[in-house]
Structure formats: C-alpha cells, structure tokens
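Analysis of the macromolecular model
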Amino acid sequence: MENKLKGIEEVLLMGPGPSLTYPEVYEALAMPTLGHLDPYFIEIMDGIKGMLQEIFQTKNELTIPVSGTGSAGMETVLVNLIEPGDSVLVVINGVFGKRQLDIAQRLGADADALEFQWGTPVIPAEVEAKLRKKKYKIVAMVHAETSTGVRNPAEEVGRLVKEHGAFYILDTVTSLGGIEIAVDKWGVDAIYSGTQKCLSCPPGLSPVSFSPEAVDFIMNRKTKVPNWYLDMSMVANYWAGKKRAYHHTAPINMLYGLYAALHVVLEEGLEKVYRRHGEMHKKLAAGLEDLGIKMVVEPEFRLPMLNSVWIPEGVDDAEGRSRLRYDHLIEIGGGLGDFAGKVWRIGLMGNTAREEYVDRLLKALADIIK
Ligand SMILES: Cc1ncc(COP(=O)(O)O)c(C=O)c1O
C-alpha cells in the first residue's frame, strides 16, 4: 500500500518541543512489536529504568516512564501524593506552575500559590518566608519554565523544602537531558519529565521517579488514588519484581524509542550533552544580539534549551512564524499565557542543539526582520 504520510516534510523543530528526533529513535520505533509481558521486552523495560536512574541521578527504585506525555507525569505525581485537604504550596512563574496548581485544586488540596513575575526566577528567600508561616505537606515547582525560558533554583528550593519536612515535587519536562538534574542530592521526592524535549524522542511518555518516602506514603494512603490509570501502587507491579503483573498494555514501540534515546544521550555522556546545550545557547544568544533581537530573561537565569525573545519590532507574530515555517522550513514557538503575542520561544533541545541549526535559524531570522 502507498505510504499515505509520504508528503510530510522534515521541518527543523526549534520550538519548545518536540525537538528533532534522533535517527536511532526512528529506527527503534520501527522494530517488531513484542508482547508487553515478553521476557525480552521486560529486559528492555529494566534497561530503561536503569538509564532513567542515571540521567535523573537517583537510586529511587520507582523510576519509570508513565504512558502519556509530560502532563500525564505531572498528573501522576500530584494524584499519587495528594489526598483531599492536604496543604500544598505551588511556586509559580509561568504556565506550567499554574497547571500544577490547577491539578492540585482539582484534587481537593488546600493549595496556595506563591507567584513570581514571568521572565524572572523563583526567589528562595520568599519560599522560605512562606514555609515559615504555614506547615505544608507538599511543595511543587517547575525547574525549567518553558513558557518563559527561566531556570529556577531547584537545588536551593529543595534544601528549604527538606528543612521544613515537606515532599518536594519538581517538573523537569524541559530540563531532563539538557541541564543537570540530581534527584537524590536535591532532595526531590517526586519528579516528572517528557520525552520530546532534550531526549529527542517523539512525545508519548513521561519519565517519573519517586523517593522511598514518597512510595511509602503512596502505599499507605488513607484514600485510594482517585485515578485508576496513573495509580503508582498498581502500575509499579508491572515495572518491578520477578513476576510482572498486567496493568495496562504498555506502548511497546514508544518504549523502544525511549530506550534508544536514553542510549544516545548516555553514550554522548551527560557532561558533554550539557556542555553542548550551553555552547549552542551562547552561540544563539550572540547571533540574536547581532540581529538586534532582545532576550526576555537576564543571562544568569536563562535556560540553554529554551530561549525566549521579544518579537522584533515591526514583525507580526503569526506572519513571522509562518514565514519561518513555509519559506525556511523552521518551526519556532509563539508566546504562551501572559507572553502570547509578545514573545517567541526558540528551542535548542537534544538533537536540535547543533551549530548548523543555530546558523540556519539566524540566517532565516535575518531574512524575516529585513
Ligand atoms: C515545563 C513543562 N511542564 C509540563 C509540560 C506538559 O507536557 P506535555 O505537553 O508533554 O503534556 C510541558 C510541555 O511543554 C512543559 O514544558
């Protein structure tokens, strides 16, 4: 039969994700589908768990990919750790912090928000002041705020949360595989990510990890997790132990893809991968400055993999991005939430963080603002 998708062109993905898929991942996705309890597939699952522990820098046993995108990971972490009435502090400086708050409220938490100006980082002293005033069971924050391009001080906030005896939840959808994440060292109790950003695997899975204390809480909850699909007390039985129990049919080929992506990242080496993201970010920032395009975030708080810029004067948001897409075959992202219509977001994630792509984008931008 004719390939009905043959007409899809390769677009250079330089937005907030998905990024350019690694060729090894495409190859893995096309491998023969095995049964979800096949012994060889279980070996692949164990390989994924081990590589996720390495990239998250954790010994946490419950470190697995959840079936679903980054938001499924967010929901998993919150739905498993929150019981109705629990006090939750959500530290917010962008769209994804707001999403955490929305989920916490839907779960009946006594949820407070501590908000910071968009484009600026979370200030640990203000988090500390809040923690002194009220006893929280959970504190949640986004490490890499994709809506603004800000890197939040995850380690410092983790230290404060631990001092105050709360569970620490961290969103690393955009940061995993692009900048350092140290789950055990930072005292993170529950973390989630996505595959389509710095792991350069198509969207569809969300790596998560839970500390032993978080697992203990989940296993001894007073109430059942109100979401059957994401209940870790049941999903964990498919991912651990000698005898695996069916929970839901795992997305087999997506897991092949993640397996390949993790291999690619770890074979390059975490230090080298982080350095590559940093170097490409510096090259892009210098090129943007030459073009007179201004970045939103102050240099010390910028994420290397997500660069937000003010839309150049005289350029229409939609038209500019459409010209990039159709004249230059490059995708960048528009602004989200408060930044819609004001900001463009340029991703340098995983396989996209390469010199040739930075050069191609800068040339295309020069053409657009001409
Ligand atoms: C920081 C952050 N958290 C959560 C999400 C949600 O992930 P997804 O869109 O894969 O569901 C995203 C997606 O861009 C994100 O950037």
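The paragraphs below set out a description of the structure included in this document.

Definitions and limits used
- The numbers attached to residues start from 1 for each chain and follow its sequence in the written order.
- Under the rules for a predicted model, residues below a pLDDT of 70 receive no local features and side-chain atom pairs below 80 are neither given nor counted, while totals for whole chains, interfaces and linings still include all residues.
- For side-chain calculations, the full set of non-hydrogen atoms in the structure is used, while hydrogens and water are omitted.
- Accessible area is worked out with a 1.4 Å probe on protein chains only. A residue is then buried under 20% of its type maximum, exposed over 50%, and partly exposed in between.
- Per the convention used, a helix needs a DSSP run of H or I reaching at least four residues, while a strand needs a run of E reaching at least two, with both numbered from the N terminus.
- A pair of strands is considered paired only if DSSP assigns at least 2 bridges between the two.
- Here a residue is near a molecule or strand as soon as one of its heavy atoms is found within 4 Å of it.
- Whenever a nitrogen or oxygen atom comes within 3.5 Å of another N or O atom, the pair is scored as a polar contact, on the condition that within protein one atom can donate a hydrogen and the other can accept it, and that pairs from neighbouring residues in sequence are kept only if both atoms are in side chains.
- For every accessible area listed, the method is Shrake-Rupley and the probe measures 1.4 Å; residues are considered covered only by the protein chains on display.
- All amino acids are sorted into three groups, where Ala, Val, Leu, Ile, Met, Phe, Trp, Tyr, Cys and Pro are nonpolar, Asp, Glu, Lys and Arg are charged, and the leftover types, Gly among them, are polar.
- We call a set of buried residues a nonpolar core when its members are Ala, Val, Leu, Ile, Met, Phe, Trp, Tyr or Cys and they connect through side-chain atoms within 4.5 Å of each other.
- What marks off one domain from the next here is an automatic or database domain assignment.
- Here a residue-residue contact requires only that any non-hydrogen atoms of the pair lie within 4.5 Å.
- Stacked, tilted and edge-to-face are the three classes applied to pairs of Phe, Tyr and Trp rings, where Trp contributes its six-membered ring and a pair requires centres within 6.5 Å; stacked means planes under 30 degrees apart, edge-to-face means over 60, and tilted covers the rest.
- As a reminder, the over-ring test applies to NZ of lysine and CZ of arginine, requiring each to be within 6 Å of the ring centre and within 35 degrees of the ring normal.
- Basic side-chain nitrogens of Lys or Arg form a salt bridge, by our definition, when they fall within 4 Å of a carboxyl oxygen of Asp or Glu.

Let us look at the pairing of strand E5 (residues 138-142). Regular strands place side chains that alternate from one sheet face to the opposite one. Counting buried positions along E5 yields five of five residues, so the element is predominantly enclosed. With burial as the criterion, each face of E5 is covered, one bearing Ile138, Ala140 and Val142 and the other bearing Val139 and Met141. Bridge analysis of E5 against strand E8 (residues 167-171) gives five bridges, and the strand direction is parallel. Paired with Met141 across the two strands is Leu170, which belongs to E8.

In this section: the site of the ligand. Around the ligand, 14 residues are found, and the nearest of them are Thr69, Ser71, Thr146, Asp171 and Lys197. Gly70 is positioned with one of its backbone polar atoms (N or O) 2.9 Å from an oxygen atom of the ligand. Note that an oxygen atom of the ligand is positioned 2.4 Å from one of the side-chain N or O atoms of Thr146. Contact with the protein chains removes 87% of the 390 Å² of surface that the ligand exposes when unbound. Put simply, the parts of the chain that give the shell around the ligand at least two residues each are helix H3 (70-81) and helix H4 (95-106). Looking at the shell around the ligand, the element that brings in the most residues is H3, giving three residues. Residue composition of the shell around the ligand, grouped by class: five nonpolar, six polar and three charged.

This part covers the nonpolar core. Counting 101 residues, the largest nonpolar core has Phe41, Ile169 and Phe210 as its most contacted members. For this core, the element with the most residues is helix H10 (residues 252-268), which contributes 11 residues. For this core, the two domains that each supply at least three residues are domain 1 (4-18 + 269-369) and domain 2 (24-266). Every residue in contact with Phe210, bar those within four places of it in the chain, is listed here: Asn60, Leu62, Thr76, Val77, Asp189, Ala190, Val215, Ile218 and Met232. Counting residues in hydrophobic clusters, the runner-up holds 28 residues, among them Met14, Leu324, Leu348 and Leu362.

So, on to the packing of aromatic side chains. This model, assessed by the stated rule, comprises five aromatic pairs. Measuring from ring centre to ring centre gives 6.2 Å for Phe41 and Tyr256, while their planes differ by 65°; the resulting arrangement is edge-to-face. Remark: Tyr256 occurs in helix H10 and Phe41 occurs in helix H2 (residues 39-56); sequence separation between them is 215 residues. Here the aromatic rings of Trp118 and Phe339 are separated by 5.6 Å at their centres, their planes lie at 80°, and the arrangement is edge-to-face. Linking Trp118 in the loop between strand E4 (110-115) and helix H5 (124-133) with Phe339 in the loop between strand E13 (333-334) and strand E14 (343-347), this pair joins segments that are 221 residues apart in sequence. Grouping residues by exposure puts Trp118 and Phe339 together as buried. For Arg325, the ring lying beneath its charged end belongs to Tyr326, and the centroid distance is 4.8 Å.

Following the criterion strictly, the structure yields 14 salt bridges and no others. The closest approach of N and O atoms between Asp110 and Lys134, which form a salt bridge, is 3.3 Å. In this pair, Asp110 is assigned in strand E4 and Lys134 in the loop between H5 and E5, connecting sequence segments 24 residues apart. Classification of Lys134 by relative accessible area gives partly exposed; the value is 29%. In this structure, Lys370 engages Asp367 in a salt bridge whose closest nitrogen and oxygen atoms are separated by 3.2 Å. The exposure class assigned to Lys370 is exposed, which follows from its relative accessible area of 79%. Each of the salt bridges in this network shares a partner with another, and the network as a whole consists of Arg323, Asp327, Asp367 and Lys370.

Keep in mind these values describe shape, not function.
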